[in-house]
Amino acid sequence: MGSLGAAVSKQYLEEVCVVCDERRAKGIHLYTSFICSECEEDMVRTDTRDPKYKYYIDRLKKITTPEIYS
């Protein structure tokens, strides 16, 4: 595959992180949202007294549970 094809394929593998709004290839899915590995690791290590903790909470509030239709 040529470099253009590789770049296009990589673009489709990347998703936008709900926390940092960056396109990343590695991470986790929480319902229908994507959290990149970097943000996930930083969130887990952040102390609840750290100002960054509130930032993460606010960003995660954008995640809503999907409706289940039956």
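Novice: Please set out the environment of Asp58 residue by residue, giving values where relevant.
Specialist: Tracing the chain through its elements places Asp58 in helix H3 (residues 51-60). Assessed through its relative accessible area of 34%, Asp58 is described here as partly exposed. Sequence-wise, Asp58 and Val19 are 39 residues apart; in three dimensions their C-alpha atoms are separated by 9.0 Å.

Novice: Residues and numbers for the pairing of strand E3 (residues 27-30), please.
Specialist: With four bridges connecting them, E3 and strand E4 (residues 33-36) associate as antiparallel partners. By the bridge assignment for E4, His29 is matched with Phe34. The antiparallel hairpin formed by E3 and E4 contains two residues in its connecting segment, where Tyr31 sits at a positive phi of about 60°.

Novice: Can you break down the nonpolar core residue by residue, with the values?
Specialist: One finds Cys17, Val18, Val19, Phe34, Ile35, Cys36, Cys39, Met43, Tyr56 and Ile63 forming the largest nonpolar core, which totals ten residues. Contributions of two or more residues to this core are made by E4 and helix H2 (37-45). Top contributing element to this core by residue count: E4, with three residues. Contacts of Ile35, omitting those with residues within four sequence positions, involve Cys17, Val18, Val19, Gly27, Ile28, Leu30, Glu40, Met43, Leu60 and Ile63.

Reading the values: rules and limits
Residues numbered from 1 in each chain as written. Predicted model: local features only at pLDDT ≥ 70, side-chain atom pairs only at ≥ 80, totals over all residues. Heavy atoms only, no water. Helix = DSSP H or I, 4+ residues; strand = E, 2+ residues; numbered from the N terminus. Buried < 20%, exposed > 50% of the residue type's maximum accessible area, 1.4 Å probe, protein only. Pairing = 2+ DSSP bridges. Core = buried A, V, L, I, M, F, W, Y, C linked by side-chain atoms within 4.5 Å. Contact = heavy atoms within 4.5 Å.

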